[in-house]
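# Remarks on the overall topology
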Amino acid sequence: MAQEARSLDTDLLILGAGGAGLFAALHAHKAAPDLSITVAVKGLLGKCGCTRMVQGGYNVALAAEDSVERHFMDTIEGGKWLPDQELAWKLVTLAVERIKELENELGCFFDRNPDGTVHQKAFAGQTFDRTVHKGDLTGIEIINRLAEQVWARNIARLEEYRAVELIKAKNEEAVSGVVFIDMRTGEYVFVGAKAVLLATGGGPTMYKYHTPSGDKSCDGLAMALRAGLPLRDMEMVQFHPTGLLAGTHTRMTGTVLEEGLRGSGGYLLNGAKERFMPQYDPMAERATRDLVSRAMFLELKKKPSPHGGLYISMAHLGPERVAREFKGMVERCADCGFDLAGGLVEVVPTAHYMMGGVEFAADCTTALPGLFVAGEDSGGVHGANRLGGNGVANSTVFGAVAGDTMAAWVRDQGLREPDRAALQAAIARCERPFMNSNRIDLEALRERLYETMWQKVGIVRDAASLESALAELGAIEGELAAGSLPDLQRAFNLTWHDWLNLMSLTQVSRVVATAALARCNSRGAHFRADFPDAGSLEQSAYSSYRDGAVTMKPVAFTRVRPGQSLLQNAA
Ligand SMILES: Cc1cc2nc3c(=O)[nH]c(=O)nc-3n(C[C@H](O)[C@H](O)[C@H](O)COP(=O)(O)OP(=O)(O)OC[C@H]3O[C@@H](n4cnc5c(N)ncnc54)[C@H](O)[C@@H]3O)c2cc1C
């Protein structure tokens, strides 16, 4: 049965209500209060996405002894010389403005030193302790205040609205709006907009062990992919070293134990309870995430803990100090039966963040006029490895930039006539499982996806594993596309949404595996057992995926070259 979409219009449409989406809404509203702004989100505004889950904190150069140049160099070196230097510079300089805005205008309270200055803690891969935080539950403070500010303004909200396709304009290479499923009723809605922001937060939830919130399934990246936009650095999937390994009976497995634990002196032990990190890297547990995760992956193959992981141990720092400084973490572990302050907790590297995403310019424009991107859906800020604490800085900094840019851009734009055939094709794609006759078991397909990505496109890859993964991913996508689901009711049909989630994840997984196959060296989060060398830093190239093909493009060293430092240049 042909389905029609109900229509709504807005000037500015924001997809996602994390740090990027909410900052964009607030900045656009401040710049142009007369514009109609709509935030559409798969979950409930203020309650979903990963910004709310931020534990450790926000990197920003505030202290007199620190500098934006130093933050920049840490970001470039941590990213193994693959970050786009103009994006990284914007990140470190505007983070200073955003943290002040968060405290002074939006009402956040971050932890302070006895002298009243903002407390900044150690995070791995930093040459200066610059992570601003609120205990170890920083994201709740940020998102609660942002959500209150959005509610207090005349900003429209479409909650439990799932974006399923970007629709281009009729006869024009520009965006005209987005097709949604209103999850509460199951009906299709087309929201026409002069400008659309993609801020759905990526999220590598295609791996067996992962940290991001359950509402994230790479929908934004999958929509960008289908719209033919270039995606960069897609092979760069960050594994956080310390995911909780609580067993197969609980969804808490994979949940992250924050980086500050290692930053403050926590030890990693193998199954024989021996400390091993000093043998792998001089920075030991404080090395960057890629190095620690890889060392752990090798160590857990040799001497695993009972559930196939390793241990984190904090007791030598004093259980009282640990309980005081990491209250949230201690409580979370206690919920799962572990004593973080005084005992050992089983951990495993867990897929945490996608450095890759839609290629974009420093003003958040993309290759498709009218489409803007910010936050974890975008690629290029972090290169081969994101420093802990640079994620929420990225989403808030570029969310604000996007809001400012979009407010100015829509001034001389009108609504565009949508390509009706594309709109119908998008609906037909979503309707597929109700038109087919082959009943499928989504749980079994999900397990296949998890295992394929963890075993073959995970922390250590090689050509054979990647080629095998691509064949398996193609088969999974084929089975999903040909499979049928019971058409019982459309309102809150979670099986249907699971099918849509798996479709997005499988399509994006294929891009990750294809980009990983194209990069014949090992940089940051990407390690090829068959090409273990990092390659020449001077010849650094990033991967750009478009329409099934990967092109390696040279990194432009616009501010500093390998072997140089901005600190020396400044001096
Ligand atoms: C457990 C955990 C801890 C972390 N700790 C830190 C930390 O200490 N420091 C740090 O810097 N970073 C941390 N990060 C990373 C950080 O959370 C992210 O980098 C950042 O918050 C991403 O912001 P965002 O706005 O891009 O996406 P999110 O905040 O994830 O928001 C995405 C939004 O998009 C919505 N959405 C998704 N799909 C759709 C769709 N199809 N249609 C409509 N809406 C959709 C979601 O519901 C959500 O509202 C952590 C991440 C996790 C998972």
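Structure: above.
Attention here is on the structure that accompanies the text. (Residues numbered from 1 in each chain as written. Predicted model: local features only at pLDDT ≥ 70, side-chain atom pairs only at ≥ 80, totals over all residues. Heavy atoms only, no water.)

### Quick look at the overall build of the protein
Each helix and strand in the protein was counted, giving 16 helices and 21 strands. Over its C-alpha atoms the protein spans a radius of gyration of 23 Å, differing by no more than 12% from the 25 Å that the globule rule assigns to 571 residues. With respect to the principal axes defined by its C-alpha atoms, the protein has extents near 65 × 50 × 45 Å. A total accessible area of about 20,300 Å² is found for the protein, and carbon and sulfur atoms account for 52% of it. (Helix = DSSP H or I, 4+ residues; strand = E, 2+ residues; numbered from the N terminus. Rg over C-alpha atoms; globule rule 2.2 N^0.38 Å. Areas by Shrake-Rupley, 256 points an atom, 1.4 Å probe, with all protein chains shown as cover.)

### Considering the pairing of strand β13 (residues 310–313)
By the alternation rule, side chains of β13 split into Leu-310 and Ile-312 and Tyr-311 and Ser-313, which are all buried. Direction of pairing for β13 relative to strand β14 (residues 344–354): antiparallel, over a ladder of four bridges. Residue pairing across strands places Tyr-311 opposite Glu-346, the latter belonging to β14. (Buried < 20%, exposed > 50% of the residue type's maximum accessible area, 1.4 Å probe, protein only. Pairing = 2+ DSSP bridges.)

### Some details on the sheet that holds strand β4 (residues 120–121)
As summarised here, the arrangement of the three strands in space is β3-β5-β4, forming an open sheet in which the pairing is antiparallel. Each edge of the open sheet carries a strand with a single partner, namely β3 (58–59) and β4. With two bridges connecting them, β3 and strand β5 (residues 131–132) associate as antiparallel partners. Counterpart to Tyr-58 in the pairing with β5 is Val-132.

### Here's the deal with the packing of helix α2 (residues 68–78) against helix α3 (residues 85–104)
Direction vectors running N to C along α2 and α3 enclose 135°, while the axes themselves pass 9 Å from each other. Comparing the axis directions of α2 and α3 gives the class oblique. The chirality of how α2 crosses α3 is right-handed. Contacts between α2 and α3 pair Val-68, Glu-69, His-71, Phe-72, Thr-75 and Ile-76 from the former with Gln-85, Ala-88, Trp-89, Leu-91, Val-92, Thr-93 and Val-96 from the latter. Of the residues that constitute the contact of α2 with α3, the class distribution is eight nonpolar, four polar and one charged. (Axes fitted to C-alpha atoms, helices over the stretch in contact; angles between N-to-C directions. Parallel < 35°, antiparallel > 145°, perpendicular 65-115°, else oblique. Left-handed = near helix turned anticlockwise from the far one by under 90°. Contact = heavy atoms within 4.5 Å. Nonpolar A, V, L, I, M, F, W, Y, C, P; charged D, E, K, R; others polar.)

### Section: the packing of aromatic side chains
This structure, assessed with the given rule, holds 12 aromatic pairs. An angle of 80° between the planes, with centres 6.1 Å apart, marks the rings of Tyr-188 and Trp-496 as edge-to-face. With Tyr-188 in strand β9 (residues 188–198) and Trp-496 in helix α15 (residues 494–518), this residue pair connects regions lying 308 residues apart in the sequence. Judged on exposure class, the residue Tyr-188 and its partner Trp-496 are both buried. Pairing Phe-434 with Trp-496 gives two aromatic rings, centres 5.3 Å apart and planes at 65°, and the pair type is edge-to-face. A residue pair is termed long-range when its members are at least 10 positions apart, and Phe-434 in helix α12 (residues 420–435) and Trp-496 in helix α15 qualify at 62 residues. Across the pair, Trp-496 and Phe-434 agree in class, each one buried. Ring-pair connections join several aromatic residues into one group, and the members of that group are Tyr-207, Tyr-209, Phe-239, Phe-297 and Trp-454. The ring of Tyr-353 is capped by Arg-386, whose NZ or CZ atom sits 4.1 Å from the centre of that ring. Above the ring of Trp-496, the side-chain terminus of Arg-490 is found at 5.1 Å from the ring centroid. (Phe/Tyr/Trp six-rings, centres within 6.5 Å; stacked < 30°, edge-to-face > 60°. Lys NZ or Arg CZ within 6 Å of the ring centre and 35° of its normal.)

### Concerning the site of the ligand
Neighbouring the ligand are 40 residues; Cys-50, Thr-51, Gly-57, Asp-215 and Lys-216 lie closest to it. One nitrogen or oxygen atom from the main chain of Ala-20 is found 3.0 Å from an oxygen atom belonging to the ligand. A distance of 2.7 Å is found between an oxygen atom of the ligand and a backbone nitrogen or oxygen belonging to Cys-50. Here the ligand has 1,000 Å² of accessible area as a free molecule, and 99% of this is covered by the chains. By residue number, the principal contributor to the shell around the ligand is helix α11 (residues 390–409), which donates four residues. For the shell around the ligand, the class distribution of residues is 15 nonpolar, 18 polar and seven charged. (Near = heavy atom within 4 Å. Polar contact = N/O pair within 3.5 Å; in protein donor to acceptor, adjacent residues only side chain to side chain.)

### Regarding the side chain of Asp-74
Tracing the chain through its elements places Asp-74 in helix α2. Under the relative-accessibility criterion, Asp-74 is labelled buried at 4%. Of the polar contacts made by the side chain of Asp-74, one reaches the backbone nitrogen of Thr-127; its length is 2.9 Å. One polar contact links Asp-74 to Arg-130, side chain to side chain, over a distance of 2.8 Å. If near-sequence neighbours (up to four positions away) are discounted, Asp-74 is found in contact with Gly-125, Gln-126, Thr-127, Phe-128, Arg-130 and Leu-387.

### Topic: the sheet that holds strand β10 (residues 231–232)
In a beta sheet, neighbouring strands are held together by backbone hydrogen bonds and run either parallel or antiparallel to one another. A sheet is described by the order of its strands in space; here five strands give the open sequence β17-β15-β10-β20-β21, paired in mixed fashion. What marks the edges here is a single partner per strand, and that holds for β17 (378–379) and β21 (549–554).

### Examining the nonpolar core
In this structure, Leu-15, Tyr-58, Leu-102 and Phe-180 are the most contacted members of the largest nonpolar core, which totals 180 residues. Those residues in contact with Phe-180 that lie beyond four places of it in its chain are Leu-13, Leu-15, Ala-40, Tyr-161, Arg-162, Ala-163, Val-164, Glu-187, Tyr-188, Val-189 and Val-191. (Core = buried A, V, L, I, M, F, W, Y, C linked by side-chain atoms within 4.5 Å.)

### Looking at the environment of Ala-464
Note that Ala-464 resides in helix α14 (residues 463–482). The sequence separation of Ala-464 and Phe-557 amounts to 93 residues, and the corresponding C-alpha distance is 33 Å.

### Looking at the side chain of Ser-504
If you trace the backbone, Ser-504 turns up in helix α15. On the basis of relative accessibility, which here comes to 6%, the residue Ser-504 falls in the buried class. Residue contacts for Ser-504: discarding those within four places in its chain leaves Arg-162, Ser-217, Cys-218, Asp-219 and Ala-222.

### What about the pairing of strand β11 (residues 237–244)?
Here is the key point about a regular strand: its side chains alternate between the two faces of the sheet. The element β11 is extensively covered by neighbouring structure, given that eight of its eight residues are classed as buried. Taken together, the six bridges between β11 and β14 define a ladder with antiparallel strand orientation. From the neighbouring strand, Val-237 faces β14, where its bridge partner is Met-354.

### Focus on helix α13 (residues 442–456)
An ideal rise of 1.5 Å per residue puts 21 Å on 15 residues; α13 measures up with 21 Å between its terminal C-alpha atoms. On the buried face of α13, the contacting elements are β11, β14, α14 and α15. Sitting at the head of α13, Asp-441 places a side-chain oxygen 3.1 Å from the backbone nitrogen of Glu-443. (Expected span 1.5 Å × (residues − 1).)

Everything listed is a geometric property; what it means functionally is a separate question.
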